Amino acid sequence: QVQLVESGGGLVQAGGSLRLSCAASGRTFSTYAMAWFRQAPGKEREWVAGIRGSGGYTYYADTAKGRVTISRDNAKNTVYLQMNSLKPEDTAVYYCAAALKPRRGYDYWGQGTQVTVSS
């Protein structure tokens, strides 16, 4: 069982930056691929970025490339999402998720953290 707790959301002006954190419980954090998703009001949840267990490979949605960086610190059981040049359309609840085999779906989800970008 893995428990995920996100933090770092908040209100920011357009063009600003935020760093989200996701702290995971358990001793096997490095065996899980991690990802960030987001869900805006009235929209489907969408994948934003992913990172392999070792941290050696990262993946980004086209809408996030160049503005977002996913990283992890396995010693701290934490994954991060650095977001720069934020836009109002980035406003959403951001969730982190963990998976042993991402192609089969994500096994564990956090409760989400709200990000609001004002224009």
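Residues numbered from 1 in each chain as written. Predicted model: local features only at pLDDT ≥ 70, side-chain atom pairs only at ≥ 80, totals over all residues. Heavy atoms only, no water.

Novice: A description of unusual backbone geometry should follow, citing residues and the corresponding values.
Specialist: At N77, a position not held by glycine, the phi torsion is positive, near 55°. For N77, the position within the fold is in the loop between β7 (68–73) and β8 (78–83). Look at N77 and you get buried, because its relative accessible area is 17%. With phi around 50°, S85 is a residue other than glycine that occupies positive phi space. (Helix = DSSP H or I, 4+ residues; strand = E, 2+ residues; numbered from the N terminus. Buried < 20%, exposed > 50% of the residue type's maximum accessible area, 1.4 Å probe, protein only.)

Novice: If you had to explain the state of the cysteines to someone new, which residues and values would you point to?
Specialist: As enumerated under the stated definition, the model contains 1 disulfide in all. Put simply, C22 and C96 are joined by a disulfide, and their sulfur atoms are 1.9 Å apart. Given an S-S torsion of about 45°, the disulfide between C22 and C96 has right-handed geometry. Here C22, found in strand β3 (residues 18–24), pairs with C96, found in strand β9 (residues 92–99); they are 74 residues apart in sequence, far enough to count as distant. Per residue, the accessibility class of C22 equals that of C96, and both read buried. (Disulfide = S-S within 2.5 Å.)

As far as function goes, none of this settles anything; it's purely spatial.
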